[in-house]
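Descriptive analysis of the structure
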Amino acid sequence: SVSLKENKKRKRTEEAEKVSEDRSSSIVQEPPVKVKKAGKKDRSKAEKKLSDRENALKQADEEEDQKLFQNKTKQKKKASQAVTKSVVNSPAGTTAGQQKRKKVADETVDRRTVFVGNLPVDCTVQVLKSLFKKYGQIQSIRFRSLIPAEDTISKKVAAIKHKVHPNAKFVNAYVVFKEECDAKKALKENGTEIASGFHIRVDTASKTSSHDNKRSVFLGNLPYDILDDAVREHFQVCGDVVGVRVVRDRETGLGKGFGYVLFENTDAVHLALKLNNSVLMGRKIRVQRTGDKRKARQKIPDRSHASKATADTTTKKKSYSNDSFVGEKATPLKKNVKPKRLKTIPKKKAGKNK
């Protein structure tokens, strides 16, 4: 019985020790497990931070690359647009070389073209063809300076439908020949009376045709509704008239009050100058040499320069109102300058006395 009791006690103590050992082992083992878990968490957080940074850097690099690529594409687009604009802005989208060729082509066409002025309004293509076909093959005929019957109608429509303003009495045209030599021959028709009171003016359309100033006179103060033939009749007394040109408004066809008369020889010019202040259709017309107007414009600024540079003489003041005005302006400036100099001298003296 005693041995049984002792055995039971031993078992109890052993079991108690086991439990205490288990508890101690569990207590000892728990903290390192927790530490391990914390370490894993810390590592995962650090890794995440690193991966986030790496991703951010990658994204930044990608964005920079995209921006650079976009900028390059924009620059390319701009360059292409600039090229297209230059091409579009140029006539018919041509290059500089093509433009030069076109200019040359236009000049050659102009040399083959004849301007026919002072035609009657009822003049037709057939009439012009019958007049000029003897000189060579005609490529085209087009009418110009048509005044439409209404503002809403264009000049092209007015020409096709013959809806011309009732006050319009004349029309101009361009006759294009196939050969340049034929166009030169056609100039013989200049001055021919195509209808009663209509002496036509035939001239080359090219800009190279020079107007001879020595054989022509400038006309001023002309009536606005004057016809070319009225001018021709007025100056026919002086000599053979080669051509009359009354400068007109494109829209209305009315004269601008001035024009030119070209004579066959220079002797007629001297006689024409005597018709200065003669009355034509109730107006005193002004007649002068064509070169005089340009010379007068060139001389006036030179004289004004001289008046500014040097002291004005009394003769210049009398003859030119513009120069006298400059002189009046110049004299008070000189007067103003002198008193300023006089004022500065006493100030300096006063300073020295002090």
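In the block above lies the structure referred to throughout.
Scope of this entry: the structure provided in the associated data block. (Residues numbered from 1 in each chain as written. Predicted model: local features only at pLDDT ≥ 70, side-chain atom pairs only at ≥ 80, totals over all residues. Heavy atoms only, no water.)

Describing a positive patch on the surface
Which entries qualify depends on this criterion: Here, patches come from residues exposed beyond 30% relative accessible area and free of salt bridges, joined within 9 Å for like charges and within 5 Å for nonpolar side chains (Val, Leu, Ile, Met, Phe, Trp, Tyr). Here the open area of atoms and residues is found with the Shrake-Rupley method and a 1.4 Å probe, where only the protein chains shown may cover a residue. Within this document, salt bridges are pairs made up of a side-chain nitrogen of Lys or Arg and a carboxyl oxygen of Asp or Glu, the two lying within 4 Å of each other. His is not counted, nor are the chain ends, whereas Lys and Arg count as positive and Asp and Glu as negative. Positions of charges follow a simple convention, taking NZ of Lys, CZ of Arg, CG of Asp or CD of Glu. A run of H or I in DSSP becomes a helix once it reaches four residues, and a run of E becomes a strand once it reaches two; helices and strands are each numbered from the N terminus.
A cluster of basic side chains, namely Lys45, Lys48, Lys49 and Arg53, defines a positive patch on the protein surface. Summarising the element assignment, lysine 48 is placed in helix α1 (residues 2-89).

Details of helix α6 (residues 228-235)
The test is simple: Think of it in three bands: with a 1.4 Å probe and only protein chains considered, a residue is buried below 20% of the maximum accessible area for its type, exposed above 50%, and partly exposed in between.
With respect to burial, α6 is a largely interior element, six of its eight residues being buried. Listing the buried residues of α6 in full gives Asp228, Asp229, Val231, Arg232, His234 and Phe235.

Some words on the sheet that holds strand β2 (residues 138-144)
Under the convention used in this document: Pairing between strands is defined by DSSP: at least two bridges between the two strands are required. Inter-axis angles, ranging from 0 to 180 degrees, are taken between N-to-C directions of lines fitted to C-alpha atoms, where helices are fitted over the stretch in contact.
Ordered by their spatial adjacency, four strands build an open sheet running β2-β3-β1-β6, and the pairing between neighbours is antiparallel. On the outer flanks of this sheet lie β2 and β6 (201-204), each paired with one strand and no other. Along the sheet, successive strands turn relative to each other by an average axial angle of 20°, direction set aside. Summarising the sheet, strand β1 (residues 113-120) and strand β3 (residues 170-177) pair through six bridges and their orientation is antiparallel. Across the sheet, residue valine 116 finds its bridge partner in β3, namely alanine 173.

Some words on the layout of surface pockets
Using the following cut-off: Using a grid of 1 Å spacing that covers the protein atoms alone, one calls a set of points a cavity when a 1.4 Å probe fits there but cannot get out, and a pocket when the set is open and has protein on both sides within 12 Å along at least five of seven lines; lining residues are those with an atom within 4 Å of a point. Grid points are joined across faces, edges and corners, and a volume is the space filled by probe spheres set on the points. Each domain's extent is set by a domain assignment, obtained either automatically or from a database.
Roughly 440 Å³ of internal volume is contained in the second largest pocket. Around the second largest pocket, the lining comprises 21 residues; the ones closest to its centre are Ile147, His165, Glu251, Thr252 and Gly253. When residues of the lining of the second largest pocket are assigned to domains, at least three fall in each of domain 1 (107-204) and domain 2 (216-289).

A look at the sheet that holds strand β9 (residues 255-263)
Inclusion rule: The contact rule is simple, with two residues in contact once any of their heavy atoms fall within 4.5 Å.
Strand order in the open sheet formed by four strands is β8-β9-β7-β12, and the pairing between neighbours is antiparallel. With partners counted over all chains shown, the strands left at the sheet margins are β8 (241-248) and β12 (286-289), one partner each. For this sheet, the mean angle separating the axes of adjacent strands, direction not counted, is 20°. Bridging between strand β7 (residues 216-220) and β12 involves four bridges; their strand directions are antiparallel. Each residue of the ladder has a partner; that of valine 217, found in β12, is arginine 289. The strands touched by α6 are β7, β8, β9 and β12; relative to β8, the strand with the most contacts, the crossing angle is about 135°.

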